[in-house]
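So the chains spell out like this:
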Amino acid sequence: MPFSKTRSAINFVTLVILVFVGYQYRVQLINIWKNGLNQLQPCQRPISYSISTLDSNFGVSKANILADIKKAEKIWESSIDKPLFEYEPDGSGELQINFIYDYRQKATNSMEKIGVALNNDRASYDALKIKYDSLLASYNAEKAEIASLNSSYSSDKAVYDKNVSYWNSRGGAPKDEYAKLEQERIGLNNKTAEINQHVGTVNSLVDTIKQVEEVLNNQVATLNIKVKNYNSVGDSTGREFNEGEYVRNASGVKINIYQFKDENQLVRVLAHELGHAIGLEHIDNPKAIMYYLNEGVNEKLTADDLVALRTRCGIK
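Residues numbered from 1 in each chain as written. Predicted model: local features only at pLDDT ≥ 70, side-chain atom pairs only at ≥ 80, totals over all residues. Heavy atoms only, no water.

Asker: Quick one: what's the story with the environment of Lys-261, residue by residue and with numbers?
Answerer: Structurally, Lys-261 can be placed in the loop between strand 5 (252-257) and helix 7 (263-278). Of the residues examined, Lys-261 reaches a relative accessible area of 25% and is grouped as partly exposed. On a C-alpha basis, the gap between Lys-261 and Asn-109 in space is 7.6 Å, while along the polypeptide they are 152 residues apart. With sequence-adjacent residues up to four places away left out, Lys-261 is seen in contact with Thr-108, Glu-112, Ala-117, Leu-118 and Asn-119. (Helix = DSSP H or I, 4+ residues; strand = E, 2+ residues; numbered from the N terminus. Buried < 20%, exposed > 50% of the residue type's maximum accessible area, 1.4 Å probe, protein only. Contact = heavy atoms within 4.5 Å.)

Now the structure itself:
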């Protein structure tokens, strides 16, 4: 085959492959193009989004999640009377929103069970520290009780074994002695059950204390509190407890939500991450939606938020 025909055949095959790959990944390619436009011309067209992952462990329906995202949208849109986001129910949104259940939400749920509301402020830290000290005291008391029970059990078991051995060496115990040995055996079994119950309590306390320690260590770092790390019942993992994150990389653009204690906090976390999707950076104002900590309770833009938004969108 002549060289020119060979090259034409190769070019045709290459074209077919490119067309096939382009078709297979058309949604991703379109979204890359849209994301590029959003960066070059922010706020000129709504950012489409879809819910990619919603872990059932959160116990929240998709309908409720969508309603909360809409509330977060409106925080930005109503301030400039402009549509900034739109929902794509078929999953093709350029912005993928994921609700990922892991140690963070599990810790949040555990804190609720022990009566502590998680907030990134000193008051929350102080309340959690008081609860931690109480849990640690219960843990130490349970360990001391287990040690006492184990010591008593060992002593009683030694006496029981000695008596059993004594009567076995004489061919068996008389009826009254046998009845006494049987009562001792039942007492030992009851003490074993009591020890196991206390061990179960300790194990449960250890799990809770470890989660509290993780949260306390995270708050120590976040609030820059000058104390040593908490690791009374286990090594500190150093895991972060960020509520959410905005990620933009070669694989696409996404928002990951990890934890929220109630609907108000969820709306605020979503509003914060949607702000990043618009292209906003963090603001050094604790009351602002775009403050790096989700410690506020307001769901309205501050003047700083609004200035950042109008600047990003080119609105005077």
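Asker: I'd like to hear about the packing of aromatic side chains, residue by residue, with values.
Answerer: Taken as a whole, this structure holds 7 aromatic pairs when the rule is applied. Both rings, one in Phe-58 and one in Phe-99, keep their centres 6.3 Å apart while their planes meet at 85 degrees; by these two values the pair is edge-to-face. A residue pair is termed long-range when its members are at least 10 positions apart, and Phe-58 in the loop between strand 1 (47-54) and helix 3 (62-80) and Phe-99 in strand 3 (residues 95-99) qualify at 41 residues. Of the two residues, Phe-58 and Phe-99, neither departs from the other in class, the shared state being buried. Each member of the aromatic cluster is reached from another via a ring pair, and the members are Phe-58, Phe-99, Tyr-101 and Phe-260. Over the aromatic face of Tyr-258 sits the side chain of Arg-104, whose NZ or CZ is 3.6 Å from the ring centroid. (Phe/Tyr/Trp six-rings, centres within 6.5 Å; stacked < 30°, edge-to-face > 60°. Lys NZ or Arg CZ within 6 Å of the ring centre and 35° of its normal.)

Asker: Can you break down the side chain of His-272 residue by residue, with the values?
Answerer: Relative to the helices and strands, His-272 is located in helix 7. Side-chain polar atoms of His-272 contact the backbone oxygen of Tyr-291, separated by 3.4 Å. Residue contacts for His-272: discarding those within four places in its chain leaves His-282, Ile-289, Met-290, Tyr-291 and Tyr-292. (Polar contact = N/O pair within 3.5 Å; in protein donor to acceptor, adjacent residues only side chain to side chain.)

Asker: Describe the packing of helix 5 (residues 122-168) against helix 6 (residues 175-223), naming the residues involved and giving the relevant values.
Answerer: Two numbers describe how helix 5 lies on helix 6: the axes approach to 7 Å, and their chain directions differ by 160 degrees. The orientation of helix 5 relative to helix 6 falls into the category roughly antiparallel. Read as a crossing pair, helix 5 and helix 6 show a hand that is left-handed. Class assignment for the residues of the contact of helix 5 with helix 6 results in 25 nonpolar, 10 polar and 13 charged. (Axes fitted to C-alpha atoms, helices over the stretch in contact; angles between N-to-C directions. Parallel < 35°, antiparallel > 145°, perpendicular 65-115°, else oblique. Left-handed = near helix turned anticlockwise from the far one by under 90°. Nonpolar A, V, L, I, M, F, W, Y, C, P; charged D, E, K, R; others polar.)

Asker: If you had to explain the pattern of salt bridges to someone new, which residues and values would you point to?
Answerer: One pass over the full model with this rule turns up 11 salt bridges. For Asp-102, the salt bridge is made with Arg-104, and the minimal N-O distance between the two is 2.5 Å. Each member of the pair, Asp-102 as well as Arg-104, carries the same accessibility label: buried. (Salt bridge = Lys/Arg side-chain N within 4 Å of Asp/Glu carboxyl O.)

Asker: Describe the pairing of strand 5, naming the residues involved and giving the relevant values.
Answerer: One ladder, built from 5 bridges, connects strand 3 with strand 5; its direction is parallel. Bridging from a neighbouring strand, Leu-95 pairs with Val-253 of strand 5. Note: strand 4 (residues 244-249) against strand 5, 6 bridges, orientation antiparallel. Note that in strand 5 the partner of Gly-244 across the bridge is Ile-257. Connecting strand 4 to the next strand, strand 5, in antiparallel fashion are 2 residues. (Pairing = 2+ DSSP bridges.)

Asker: With reference to specific residues and values, describe the state of the cysteines.
Answerer: As used here, a disulfide is simply a covalent bond connecting the sulfur atoms of two cysteines. All chains considered together, the criterion is met by 1 disulfide. Disulfide partner of Cys-43: Cys-313, at an S-S distance of 1.9 Å. With the S-S bond torsion at -55 degrees, the cross-link from Cys-43 to Cys-313 turns out left-handed. Of the two residues, Cys-43 is situated in the loop between helix 2 (26-40) and strand 1 and Cys-313 in helix 8 (residues 303-313); the sequence distance between them amounts to 270 residues. In this pair, the class of Cys-43 matches that of Cys-313, namely buried. (Disulfide = S-S within 2.5 Å.)

Asker: Quick rundown of the packing of helix 3 against helix 8? Include the residues and the values.
Answerer: Where helix 3 contacts helix 8, the two axes come as close as 11 Å, and the packing angle between them is 70 degrees. Taken together, the axes of helix 3 and helix 8 are roughly perpendicular relative to one another. Side by side, helix 3 and helix 8 meet where Trp-76, Ser-79 and Ile-80 of the first sit next to Asp-305, Leu-306, Leu-309, Arg-310 and Cys-313 of the second. A class-by-class count of the residues in the contact of helix 3 with helix 8 yields 5 nonpolar, 1 polar and 2 charged.

Asker: If you had to explain the sheet that holds strand 1 to someone new, which residues and values would you point to?
Answerer: The sheet built from 5 strands is open, its strands ordered 2-1-3-5-4 with mixed pairing. Sheet topology places strand 2 (85-87) and strand 4 at the edges, where each strand pairs with a single neighbour. Strand-to-strand, the axes of this sheet are offset by a mean angle of 30 degrees, without reference to chain direction. Across 5 bridges, the pairing between strand 1 and strand 3 is parallel. When the sheet's bridge partners are listed, Ser-50 is paired in strand 3 with Gln-96. Against the sheet, helix 3 engages strand 1, strand 2 and strand 3, with an angle of about 145 degrees to strand 1.

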